[in-house]
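Residue-level structural notes
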Amino acid sequence: MKLKFDYNNMMESAIGEHGIKQSQIAEAAAAHAAAFSQVVDNSGKGWQGWTETPMLTAAQVAELVAFGKSVRDKASSFVVLGIGGSALGPISVFNALLHLHHNELPQNMRKAPKVYVEDNIDPERMSALFDVIDIKTTYFNVITKSGETSETLGQFLILYNMLKKQIGEAAAKEHMIVTTTDGKGALYATAVKEGFKVFGIPQGVGGRFSVLSNVGLVPFAVMGIDIAKLLEGARNMRAACERADITKNPALMTAFLQVLSMKDGKNISVMMPYADGLKTMADFYCQIWAESLGKAVDNSGKTVHYGQTPAKSLGVTDQHSQVQLYNEGPFDKVITFIGVENFGATVEIPADESAEAGSFLKGHTLNELITAERKATEFAVTKSGKSNFTILMPEVNAETVGELLMYFMYETAFAGAYLNIDTFNQPGVEEGKKATFAMIGRAGYEQKLAELQSVKKNPAYIIK
Ligand code: PA5
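What counts as what
Counting from 1, residues in each chain are numbered in the order their sequence is written. Local features in this predicted model are restricted to residues whose pLDDT is 70 or higher, and side-chain atom pairs enter the listing and the counts only when it is 80 or higher, whereas totals over whole chains, interfaces and linings include all residues. Each side-chain value is worked out from all heavy atoms of the structure, with water and hydrogens disregarded. In this text, helices come from DSSP runs of H or I with a minimum length of four residues, and strands from runs of E with a minimum of two, each type numbered from the N-terminal end. For the radius of gyration, the atom set is restricted to C-alpha positions; the globular benchmark scales as 2.2 Å times the number of residues to the power 0.38. Only heavy atoms matter for contacts: two residues are in contact if any of them lie within 4.5 Å across the pair. Areas reported as accessible are Shrake-Rupley estimates using a 1.4 Å probe. Residue values count occlusion only from the protein chains shown. Charged-residue counts in this description rest on Lys and Arg as positive and Asp and Glu as negative, His and the chain ends being excluded. In this description, the location of a charge corresponds to atom NZ of lysine, CZ of arginine, CG of aspartate or CD of glutamate. Note on pairing: two strands pair once DSSP finds at least 2 bridges between them. All axes are obtained by fitting lines to C-alpha atoms, using only the stretch in contact for helices, and the reported angles, taken between N-to-C directions, cover 0 to 180 degrees. The cutoff for a nearby residue is simple: one of its non-hydrogen atoms must lie within 4 Å of the molecule or strand. Here a polar contact means two N or O atoms within 3.5 Å. Within protein one must be a hydrogen donor candidate and the other an acceptor candidate, and residues neighboring in sequence count only if both atoms are side-chain atoms. In this count, Pro and Cys sit with the nonpolar residues alongside Ala, Val, Leu, Ile, Met, Phe, Trp and Tyr, while Asp, Glu, Lys and Arg are called charged and the others, Gly among them, polar. Detection works on a 1 Å grid of protein atoms alone, calling trapped sets that fit a 1.4 Å probe cavities and calling open sets with protein on both sides within 12 Å along at least five of seven lines pockets, with lining residues defined by an atom within 4 Å of a point. Grid points are joined across faces, edges and corners, and a volume is the space filled by probe spheres set on the points. Only Phe, Tyr and Trp rings are paired, with Trp represented by its six-membered ring, and only when their centres lie within 6.5 Å; those with planes under 30 degrees apart are stacked, over 60 edge-to-face, the remainder tilted. Partly exposed residues are those whose accessible area sits between 20% and 50% of the maximum for their type, while under 20% is buried and over 50% is exposed, using a 1.4 Å probe and protein chains only. Orientation is classified from the angle alone, with under 35 degrees giving roughly parallel, over 145 giving roughly antiparallel, 65 to 115 giving roughly perpendicular, and any other angle giving oblique. Helix crossings are classified by the rotation of the near helix relative to the far one: an anticlockwise turn of less than a right angle makes the crossing left-handed, while a clockwise turn makes it right-handed. To estimate the expected span of a helix, count its residues, drop one, and scale the result by 1.5 Å.

1. As for the overall build of the chain
Within the chain, the secondary structure is distributed over 18 helices and twelve strands. For the chain, whose C-alpha radius of gyration is 24 Å, the value lies close to the compact-globule estimate of 23 Å for 464 residues. In the chain, of all internal contacts separated by at least 6 residues, the share reaching a separation of at least 24 is 75%. Of the roughly 21300 Å² that the chain leaves accessible, carbon and sulfur atoms contribute 55%. Side chains of the chain carry 44 positive and 50 negative charges; the gap between the two charge centres is 5 Å.

2. Description of the sheet that holds strand β1 (residues 4-6)
With mixed pairing, five strands are arranged side by side in an open sheet as β1-β12-β11-β7-β10. Strands at the two margins of the open sheet, each flanked by one partner only, are β1 and β10 (309-312). In this sheet, neighbouring strand axes are inclined to one another by 20° on average, regardless of whether the strands run parallel or antiparallel. Direction of pairing for strand β11 (residues 333-340) relative to strand β12 (residues 387-393): parallel, over a ladder of seven bridges. When the sheet's bridge partners are listed, Phe337 is paired in β12 with Thr390. Across the sheet, helix α13 (residues 279-293) is in contact with β7 (268-273) and β10; its angle to β10 comes to roughly 175°. Contacting β1, β7, β11 and β12, helix α16 (residues 398-419) crosses the sheet at an angle of about 145° to β12.

3. Details of the site of the ligand
Close to the ligand lie 14 residues, the nearest being Ser86, Thr144, Ser146, Thr149 and Gln287. In the environment of the ligand, an oxygen atom lies 2.7 Å from a nitrogen or oxygen atom belonging to the side chain of Ser86. In this structure, Arg208 approaches the ligand through a main-chain N or O atom, which is 3.0 Å from an oxygen atom. The residue inventory of the shell around the ligand, partitioned by class, reads one nonpolar, nine polar and four charged.

4. Things to note about the layout of surface pockets
Considering only enclosed or pocket space, the largest pocket measures out at about 870 Å³ in volume. Forming the walls of the largest pocket are 35 residues, and the residues nearest its centre are Ser146, Thr149, Gln426, Glu430 and Lys433. Breaking the lining of the largest pocket down by element, the ones donating at least two residues are β4 (138-144), α7 (150-167), α13 and α17 (427-439). Examining the composition of the lining of the largest pocket, we find that seven residues originate from one element, α17, more than from any other. Class assignment of the residues belonging to the lining of the largest pocket gives a composition of eight nonpolar, 17 polar and ten charged.

5. Digging into the packing of aromatic side chains
Tallied over the entire structure, the rule returns 18 aromatic pairs. With a centroid separation of 5.0 Å and an interplanar angle of 90°, the aromatic rings of Tyr160 and Phe196 are classed as edge-to-face. Pair noted here: Tyr160 is in helix α7 and Phe196 is in the loop between α9 (186-194) and β6 (197-201), with a separation of 36 residues, a long-range link. Judged by relative accessible area, Tyr160 falls into the buried class, the value being 6%. The rings of Phe5, Phe284, Tyr285, Trp289, Tyr407 and Phe408 are connected pair by pair, giving a single aromatic cluster.

6. Side note on the packing of helix α5 (residues 88-97) against α13
Relative orientation of the contacting elements α5 and α13 amounts to 155°, with a least axis distance of 7 Å. By the criterion of interaxial angle, the relationship of α5 to α13 is roughly antiparallel. Crossing geometry of α5 relative to α13 is assigned as left-handed. Side by side, α5 and α13 meet where Leu88, Gly89, Ile91, Ser92, Asn95 and Ala96 of the first sit next to Lys279, Thr280, Met281, Asp283, Phe284 and Gln287 of the second. Split by residue class, the contact of α5 with α13 holds five nonpolar, five polar and two charged.

7. Quick word on the packing of helix α10 (residues 214-222) against helix α11 (residues 227-241)
For any two helices packed against each other, the geometry is given by the interaxial angle and the distance between the axes. Relative orientation of the contacting elements α10 and α11 amounts to 145°, with a least axis distance of 10 Å. Two secondary-structure elements touch here, α10 through Leu217, Phe220 and Ala221 and α11 through Ile227, Leu230 and Leu231. Its residues assigned to classes, the contact of α10 with α11 shows six nonpolar, no polar and no charged.

8. Details of unusual backbone geometry
Note the cis peptide between Gly315 and Val316, where omega equals 0°. Positionally, Val316 belongs in the loop between β10 and α14 (323-328). Backbone geometry at His305 places phi at a positive 45°, although glycine is not the residue there. Checked against the element boundaries, His305 lands in strand β9 (residues 303-306). On the basis of relative accessible area, His305 is assigned to the exposed category, the value being 60%. Non-glycine residue Asn420 carries a positive phi angle of around 60°. With respect to the element layout, Asn420 can be found in the loop between α16 and α17. A relative accessible area of 31% places Asn420 in the partly exposed class.

9. Looking at the sheet that holds strand β3 (residues 114-118)
With parallel pairing, the five strands of this open sheet are ordered in space as β3-β2-β4-β5-β6. For this open sheet the edge positions go to β3 and β6, each flanked by a neighbour on one side alone. Within the sheet, the average angular offset between the axes of one strand and its neighbour, ignoring direction, is 15°. Sheet topology places strand β5 (residues 176-181) next to β6; five bridges connect them, and they run parallel. Residue pairing across strands places Thr181 opposite Ile201, the latter belonging to β6.

10. Here's the deal with α11
Here α11 spans 21 Å end to end across 15 residues, near enough to the 21 Å set by a 1.5 Å rise per residue. If you check the start of α11, you find a side-chain oxygen 3.3 Å away from the backbone N of Ala228, and it comes from Asp226.

Structure below.
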């Protein structure tokens, strides 16, 4: 494992009365063993299919790489259509591993098509997309685990229709790549009938745990990302997360510390990477943490209303907007800093510049400055008694990103096991999906529509 996890600042020894005592970790040995075995003993079973996603054979990886290249060679733009777990994995990895201004690079410097992930149905956004892509040379990857999600199917219908009009039916079929549950769902049936290239998602891999399945691997292969290294990193992290000793298992340890903090009223989990490339990794974390742990009932049916609200923050940018609150506000947060030891570029602040302003910075690098600011913020929040821990990445590359993604998945699974909840369902999301079907007039949802229509608004509470 290349990542390091420093949880000193979660402990009483560093932050005083709001910290966790060493004895609290030791005394919970039975809870650690139970959470560990619930996740690790069920590896690959039920909704834990995600633990197996990095285990592709070299031949399977080579097949994906070859497919990716075949699309890359033809496409001017590559557009992912998906939402939630079918979008945030691709977005976070593209942001971390492609050039930060990939789409703006001149064509001779860009080794892959322009890439867009359309994870919303704002009509202005969809119409804006048409202004920046040449649909005739654009390839689309429709990703939906269920094959039923209104947003994604709506986008698919619009774009397939447009493709057929512009390049004819036969070519349009070739431009549509579908990733969905093997043999299941409305989109699978359509894809087979229309003759699209279909990539399967195994049954036991849920949306927010699917980034290392074909959900992520197909788009990553198209964009030329090193999927073999990504999976290698994920496998190394899996091995670390299968260590039974909590002091050696990063995901088990931080899950326990987070759950203990949550039960102590620290209901907010801030994810603060100090690297622009990891900005959307915080979005990935926010989804997996919120959707997996925000649950009304536990596994015994008891009403619990658990959850820790995730918040995303970017170092150093948000030092100038949110850190005041983190330092001096309530003791209701756990902050996770992500630091990068070696950036992909070094930018020097010239020592010979005649301007007086900022003379203390001269001769340093932005690399030194961002690292100093991360450590300084960590120092300040620790001094204020605020719980925080740091994940240190030696550099951001396919291998370390694979480790980080796998860590987030294991940390979430262990946290859910400690809380004794169903980590892998999302009844709160499903309710909204059904209400949407009803409002849009889908057959079979008449009762839901009646329920929706029975809700009356009091005009007295509406200000015009
Ligand atoms: O994590 C989840 O299960 C959800 O966020 C889903 O990914 C999201 O609702 C999209 O669902 P689907 O992939 O079925 O279109």
